[in-house]
Amino acid sequence: MSTSLVQVRDLVKTFRQGELTTPVLRGIDLDLPAGTRAALVGPSGSGKSTLLTILGTLQRPTSGRLEIDGRSLIGLTERELTAFRNARLGFVFQFHHLLPDFTAWENVLFPAFGRAGGATRADKERADELLDKVGLAHRRDFLPGQLSGGQKQRVAIARALINRPNLVLADEPTGNLDREAAAQVMTLIEEIGRSEGTAFVLSTHDAEIASRCPITFRIEAGTIRQTVAAAPLTSPAASP
Amino acid sequence: MFALKVAWRYLLSTRLQTGLLVVGGALGVVIFLVLAALAKGLAVTLTDAVSGSIPHVTIEPPQVRARPFVDAPADSVVQAATPLSSTVRAQIRNVPALLSLARAQPEVKGATARVLGSAFLVRGESRAAITVQGLETTDLDLIAPVTKKLVAGEADLSRGGLIIGQTLAKDLELRVGSTILLRTDRGGERLTRVDGIYKADEEGQDRGNAYLVISVARALFDLPGGVDEISLKLHDANAAPAVARRLRGALALRVTAWQERNPLLAAIILSQTTQTNIIQAFTLLTVLVGVASALLLSTYRRRGEIGVMRSFGLSRGFVATVFVFQGTILGVLSSALGVTGGWFLTNWLGSIKTNTGDLLLPISQDGAAYAIVVVATITGSAVAAVIPARSASSIDPLEVVG
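Draft legend 1. Region of interest: the overall build of chain A. When helices and strands are counted, chain A shows seven helices and ten strands. Taking 2.2 N^0.38 as the reference for a compact globule, 240 residues should give roughly 18 Å; the C-alpha atoms of chain A span a radius of gyration of 18 Å, in line with that estimate. Considering only C-alpha atoms, chain A reaches an extent of 50 × 45 × 40 Å along its principal axes. Each of the 240 residues in chain A was classed as buried or not, and the buried ones make up 45%. Considering only intrachain contacts with a sequence separation of at least 6, the fraction spanning at least 24 residues in chain A is 70%.

Draft legend 2. Spotlight on the overall build of chain B. A count of helices and strands for chain B gives 15 helices and ten strands. In terms of C-alpha radius of gyration, chain B reaches 33 Å, well past the compact-globule figure of 21 Å for 402 residues. Judged by the C-alpha coordinates and their principal axes, chain B covers about 110 × 60 × 40 Å. A buried classification covers 40% of the 402 residues belonging to chain B. Restricting to contacts in chain B with at least 6 residues of sequence separation, those with at least 24 account for 81%.

Draft legend 3. Region of interest: the domain arrangement of chain B. Looking at chain B, the domain boundaries give domain 1 (2-50 + 266-401) and domain 2 (89-227). Taking only C-alpha atoms into account, the centre of domain 1 of chain B sits 55 Å from that of domain 2 of chain B.

Draft legend 4. Seen up close, the pairing of strand β3 (residues 37-41) of chain A. Residues and elements named next belong to chain A. Burial analysis of β3 places five of its five residues in the buried class, which makes it a mostly covered element. Burial of β3 is two-sided: the residues R37, A39 and V41 facing one way and the residues A38 and L40 facing the other way are all buried. Bridge count for β3 against strand β8 (residues 199-203) is four bridges, and the pairing is parallel. In the sheet register, A38 faces β8, and the bridge partner there is V201. Inspection of the sheet shows β3 paired to strand β9 (residues 215-220) by four bridges, in the parallel sense.

Draft legend 5. Summary view of the interface of chain A and chain B. Each side of the interface is counted separately: chain A has 18 residues, and chain B has 16 residues. Secondary structure elements with two or more residues in the side of chain A that touches chain B: α1 (48-55) and α2 (78-88) of chain A. Looking at which element gives the most residues to the side of chain A that touches chain B, the answer is α2(A), with four residues. Of the residues in the side of chain A that touches chain B, the class split is eight nonpolar, eight polar and two charged.

Draft legend 6. Representation of helix α10 (residues 263-301) of chain B within the structure. All names here are of chain B. Compared with the 57 Å implied by 1.5 Å per residue over 39 residues, the 57 Å span of α10 between its first and last C-alpha is a close match. Taken residue by residue, α10 has Q280, L284, V287, L288, V291, A294, L295, S298 and T299 as its buried positions. Lining the buried residues of α10 we find α1 (2-13), α2 (15-51), α11 (303-311), α12 (316-351), α13 (367-384) and α14 (386-393).

Draft legend 7. Representation of unusual backbone geometry. All names here are of chain A. The residue R164 is not glycine, and still its phi comes out positive at about 50°. Within the secondary structure, R164 sits in the loop between α5 (149-161) and β7 (167-171). Its 12 C-beta neighbours within 10 Å are what place R164 among the exposed residues. Phi angles above zero are rare outside glycine, and E172 is one such case at about 50°. Mapped onto the elements, E172 comes out in the loop between β7 and α6 (179-196).

Draft legend 8. Quick peek at the confidence of the model for chain B. Per-residue pLDDT for chain B has a mean of 87; in total, 96% of the residues score no lower than 70. Prediction confidence for the complex, expressed as pTM and ipTM, is 0.72 and 0.82 respectively.

Draft legend 9. Fine view of the environment of B:P145. In this structure, B:P145 sits in the loop between α4 (140-143) and β4 (150-153). Distance in space between the C-alpha atoms of B:P145 and B:A200 is 8.8 Å, their sequence separation being 55 residues.

Draft legend 10. Structural view of the environment of B:F282. Among the structural elements, B:F282 can be located in helix α10. A residue is classified by how many C-beta atoms lie within 10 Å of it, and B:F282, with 12 of them, is exposed.

Draft legend 11. Geometry of the confidence of the model for chain A. With 93% of its residues at a pLDDT of 70 or more, chain A has an overall mean of 85. Taken together, the stretch residues 231-240 of chain A has pLDDT below 50 and engages in 13 contacts with residues farther than four places along the chain or on a different chain.

Draft legend 12. Spatial organisation of the nonpolar core. Counting 117 residues, the largest nonpolar core has A:L40, A:V108 and A:V201 as the members making the most contacts within it. Sorting elements by how many residues they give to this core places α2(B) first, with 14 residues. Those residues in contact with A:V108 that sit more than four places away from it in its chain are A:A127, A:L130, A:L131, A:V155, A:A158, A:R159 and A:I162. Counting 53 residues, the second-largest nonpolar core is a separate cluster that includes B:V194, B:V213, B:A244 and B:L247.

Draft legend 13. Region of interest: the packing of α2(B) against α10(B). Residue and element names in this part refer to chain B. Closest axis-to-axis distance for the α2/α10 pair is 10 Å, and the angle between their directions is 175°. Taken as axis vectors, α2 and α10 run roughly antiparallel relative to one another. Of the residues in the contact of α2 with α10, the class split is 18 nonpolar, eleven polar and no charged.

Draft legend 14. Seen up close, the pairing of strand β4 (residues 63-68) of chain A. Residues and elements named next belong to chain A. Inspection of the sheet shows strand β1 (residues 4-17) paired to β4 by five bridges, in the antiparallel sense. For Q7, the partnering residue across the bridge sits in β4 and is E67. Of the strand pairs in this sheet, β4 and strand β5 (residues 71-72) are connected by two bridges, and their pairing is antiparallel. Within β5, the position partnered with I68 by the bridge is R71. If you look at the hairpin formed by β4 and β5, you'll find two residues sitting between the two strands, and D69 has a positive phi there, around 55°.

Draft legend 15. Main features of the sheet that holds β1(A). All names here are of chain A. A sheet is described by the order of its strands in space; here four strands give the open sequence β2-β1-β4-β5, paired in antiparallel fashion. Each having just a single partner strand, β2 (20-33) and β5 make up the two edges of the open sheet. The pairing of β1 with β2 spans eleven bridges and is antiparallel. Its bridge partner being in β2, R16 is matched across the sheet by T21.

Draft legend 16. Structural detail: the packing of α10(B) against α12(B). Residue and element names in this part refer to chain B. Contact geometry of α10 with α12 gives a least axis separation of 11 Å together with a crossing angle of 140°. In this view, α10 runs oblique relative to α12, as classed from their interaxial angle. Where α10 crosses over α12, the handedness of that crossing is right-handed. Contacts between α10 and α12 involve V287, V291, L295 and T299 on the former and, on the latter, F323, Q326, G327, L330 and S334. When grouped by side-chain class, the residues that make up the contact of α10 with α12 number five nonpolar, four polar and no charged.

About the criteria used
- Residues numbered from 1 in each chain as written.
- Chains lettered and ligands numbered in written order.
- Predicted model: local features only at pLDDT ≥ 70, side-chain atom pairs only at ≥ 80, totals over all residues.
- Helix = DSSP H or I, 4+ residues; strand = E, 2+ residues; numbered from the N terminus.
- Rg over C-alpha atoms; globule rule 2.2 N^0.38 Å.
- Buried ≥ 20, exposed ≤ 12 C-beta atoms within 10 Å, placed from the backbone.
- Contact = placed C-beta atoms within 7 Å.
- Domains from an automatic or database assignment.
- Pairing = 2+ DSSP bridges.
- Nonpolar A, V, L, I, M, F, W, Y, C, P; charged D, E, K, R; others polar.
- Expected span 1.5 Å × (residues − 1).
- pLDDT = per-residue confidence, 0-100.
- Core = buried A, V, L, I, M, F, W, Y, C linked by C-beta atoms within 7 Å.
- Axes fitted to C-alpha atoms, helices over the stretch in contact; angles between N-to-C directions.
- Parallel < 35°, antiparallel > 145°, perpendicular 65-115°, else oblique.
- Left-handed = near helix turned anticlockwise from the far one by under 90°.

Put into structure tokens, the structure is as follows:
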């Protein structure tokens, strides 16, 4: 067993509609070490989102192997996958997807209720701690509608981290933000990745965001054509 | 419980829709309760009207079987026949024992022995066919209220005279103190006096009924040692069939509940109750369909949120529970508001009087209906939420975040 947090071998995903079959992923191999950041780049329709959702256990591959944190996820039941997702994975979406009827603090705490027994006092304290970490302690009791786009995305990052996941999957996390807010969110991801020891996989079209990840997976036509291990960056302004 | 909090928050976030649902549900509950109160009120009124002036249970001698006067072969000729006794009447003789037994029943308010018979009141050329009731002096009001309906004279059988209805008095131009001849179907005659005149609710009774002390009635109707029937009045007229059944098992006599003598009334009440039940069921069904459809719409509106919840590992069961709780909360709020509104409305409706001072509507609060409607609304709303809950829990997070 390798030391990779995520290990993917010969992963294939084919969509079928009637007689029509559309291969989207054609034998992906991928290794992601723990605690790092990886950018998933590629043109639209290349299979980025499909790979991300398979890594996130939201859909199953047609064939191939997928291990996260040493556990094979092929063959698990839906209930087991749901529990795994809750305990080990975090998600950040392009459009934040915060629950509009709940405060920032409640949104952060929400995934903790996926565990048997619900949220503990420690979870509640961690929600406060995470809001503090993303610089929104003063917006704790605000509803999402009262927050800016950047603030909402920071809450979404805090929410992704509440259950101390090993891996956070972020689908275009800065895609809906202006450049300044995007840079702030990226800096936050870097800081939190370091302090929490959490690995991030970020799907992005933004070369500047990708350049801030030590690893880049480039998908083209359903295969990973290029894996680049970049040198650590010293400033957000640096480019590949 | 977090699912309850989420359910409550969802309901609060669409206050107008939630408010309308609760008010709609409450109106259904109010309609249910008003109908129940009207149905019970009507049943009580009809029952009181019919059973108020008759015995609830009667104990009578076994019915005499009709036989041919002469049981002779068809080809024979009967030249003479003499009945052994034409005066032997079916009657109850062990009166004190039967009265004791009857009064020992917990449902029995009172029991009295009665002599009943047909007679004519004759005054000059005028005559009127009447039914005479012979009663103990203390039991005058036990079966039918006479004293409080008295319009002239005294309601005192011990004076030995008659107490008659107002219409009968008018027909025969009788007043208190008038003397009149009473001739019974057993051949007894007595010149008697009118001691009291009362006004019965029903004209038939007012015209054809006369009360007499039982000792005089026995003599007139040739029943020196017995009575025609033991009459029972119960605390609750509806208990009559059960009491009659019990006594029937214990006695070799004919025991009849008042409902058996008035089958049409029972049929009317049953029919009216059935109609009410059907309307009530459809009212509740309408409420529940409203709850189900509103929550189903909510699942479509919240599709994105549900998908996000599922994506970060909240189970299908959690999502389903949120929607079932929403249904339950709607049921609780609707029934609480409806029960309060229904109680006030039925009380108000029950207090409205006509110009003559009578109550406009026969309203009687039905405690069981309150319990039924609360349980049915809450349980029904929770069950109605199951379809939306299943729909919500089956949302694939990939549809939203993929």
